[in-house]
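# Architecture at a glance
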Amino acid sequence: MRLDTRRTGFSLEAPFYTDPSLFNLDMQAIFGQHWVFACSVAEIPEPGDYVTLDYGPYSLIVLHNDDGGVNVLHNVCRHRGARVLTDPQGTTGNLVCGYHSWTYSPEGDLIHASAPGEMTFDKSCYALKRAHGKIAAGLVFICLAEEPPTDFHETAKIFEPYIAPHELAKTKVAYQQNIVEEGNWKLVMENNRECYHCDGHPELACSLFPTWGLTDETIPPHLEDVWDRNQQAQASLEYRCRRYGLPYEVVEELDTRVGGIRISRESLDGAGESFSADGRRLSKKLLGDLPDFRLGRCSMHLQPNSWFHLLGDHVITFAAFPISASKTLVRTTWLVADDAVEGVDYDLETLTHTWKQTNLQDKAFVELCQQGAASPFYEQGPYMKSEYQVEAFINWYVQRMREHVG
């Protein structure tokens, strides 16, 4: 492992993508220490609603509590270690382990163990172990560390003004897609941090300008016309944002803070409303108190495991949950206004088409890279200028790993 001698501007050495021992270290240093995106409030709208999350060696219950917050509990029964809840989502009062019926309150307190009187023990010593949970702008984050990083509070203050107008608490889940990619979680995140490969996304290219990540200095000749169209669309979008009081400026602190973030509001091609073939809206219902469908996309990246697209008519959340050194679950969730009616206000297949296809294409790209990293002839390659966000992600990762190993 060569954290101290990492070659800036180049991909990581192969073991970072393939070695199970390094994967275990990732789970300790990154997913065991930092704030991780779990779900949106739309997935657990009422008290008692929960989702279960599994990544690496961890299994967690994220439960909407009576106070409007979340309880985050390790999904490990204090009797024999069985999973307490086995469904990916649901609604519950108390939490009952299916093995020997040990029963816990929504706060995790052990309130009943079967066969009372068989033995005497202090139930207060056997509560479900808790982790930290936080809701910010309708997004739920969890942290397994005893002392979570404190600067996430500042990160949330950055993204809340962008996301709050979409009012995620007034949305519902239209569809959720789980894809298992045969690739290391870092390759999943690296792939998402650049558009150098976007020629491989024909559906997405209908609405997303393929010039994302490029500048006046790096734009290739064949994209000059697209670049000009993008510049005009961005100017028009910024005019509308100023008129409506919506933030649109780029805030980019991917590797300059522990809670790494990039957020901006960017124009879309065509009508500029949504991820459709002509850029027009995919749901008839505006989100929250937004004044206009023509708001492009609010795009946010958060280290270490999530990215988001917020549009006038719907929101898409993406989360990467590592399974092993060479396998990652990518969860995509489409949210629409809670009063939008499928078949009336939106067509589900049309709503999800672009990103369903894009996700499958990204899965193939990630798996090609994983296969390459496993080759004895793999060598670190240089990132292009347009891949500067990939470099920022890797730099963030290396910093966090160095801090952990000391």
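Everything below is about the structure shown above.
Here we summarise the structure given alongside this text. Everything numeric here is computed off the predicted structure, so don't read it as measured data. For every chain, the first residue of its written sequence is number 1, and the numbers climb from 1 along that sequence. In keeping with the model being predicted, local features are shown solely for residues with a pLDDT of at least 70 and side-chain atom pairs are shown and tallied solely at 80 or more, while totals for entire chains, interfaces and linings include all residues. With hydrogens and water excluded, all non-hydrogen atoms of the structure serve as input to the side-chain values.

## Looking at the sheet that holds strand β3 (residues 58-64)
Here, any two strands with at least 2 DSSP bridges between them count as paired. Runs of H or I in DSSP of at least four residues are treated as helices and runs of E of at least two as strands, each being numbered from the N terminus. One open sheet holds the seven strands; their spatial order is β1-β10-β9-β4-β3-β2-β5, and the pairing between them is antiparallel. Every interior strand has two partners, whereas the edge strands, β1 (36-40) and β5 (89-91), have only one. The average angle at which neighbouring strand axes cross in this sheet is 25°, direction not considered. Bridge count between strand β4 (residues 70-74) and strand β9 (residues 130-136): two bridges; the pairing is antiparallel. Across the sheet, Val72 pairs through a bridge with Ala131, a residue of β9. On top of the sheet, helix α3 (residues 152-163) reaches β9 and β10 (139-143); it is set at about 35° to β9, its chief contact. What counts as an axis is a line fitted to C-alpha atoms, over the stretch in contact for a helix, and the angles between N-to-C directions run from 0 to 180 degrees. Two residues qualify as a contact provided that any one of their heavy atoms is within 4.5 Å of a heavy atom in the partner residue.

## Section: the state of the cysteines
Here a disulfide denotes one covalent bond, and it connects the sulfur atoms of two cysteines. By convention in this document, the label disulfide applies to cysteine sulfur atom pairs within 2.5 Å. Taken as a whole, this structure holds one disulfide when the rule is applied. Between Cys195 and Cys198 runs a disulfide, and the two sulfur atoms are separated by 1.9 Å. When the S-S torsion is -110°, as for the bridge of Cys195 with Cys198, the disulfide is left-handed. Pair check on accessibility: Cys195 and Cys198 agree, each one buried. Cys369 takes part in no disulfide bond, and the closest cysteine sulfur, belonging to Cys198, lies 14 Å away. Only protein chains enter the accessibility calculation, which uses a 1.4 Å probe; a residue is then buried when its area is under 20% of its type maximum, exposed when over 50%, and partly exposed in between.

## Thoughts on the sheet that holds strand β12 (residues 251-253)
In space, the seven strands of this open sheet follow the order β11-β17-β16-β15-β14-β13-β12, with antiparallel pairing throughout. Of all the strands in the sheet, the pair left with one neighbour each is β11 (171-181) and β12. Averaged over all pairs of adjacent strands, the angle between their axes in this sheet comes to 15°, without regard to strand direction. Most of the contacts of α3 go to strand β13 (residues 261-266), to which it runs at about 15°, and overall it touches β12, β13, β14 (297-302) and β15 (306-310). With respect to the sheet, helix α6 (residues 348-373) is in contact with β11, β15, β16 (315-324) and β17 (327-337), its orientation differing from that of β11 by roughly 25°.

## Things to note about the pairing of β17
On a regular strand, one side chain projects to one face of the sheet and the next to the other, so that they alternate. Counting buried positions over the 11 residues of β17 gives 10, a clear majority of the element. The sheet contact formed by β11 and β17 spans 10 bridges and is antiparallel. Residue pairing across strands places Gln176 opposite Thr333, the latter belonging to β17. Judged from the nine bridges that link them, β16 and β17 form a sheet pairing that is antiparallel. Each bridged residue has a counterpart across the sheet, and for Phe321 the counterpart in β17 is Leu329. Connecting β16 to the next strand, β17, in antiparallel fashion are two residues.

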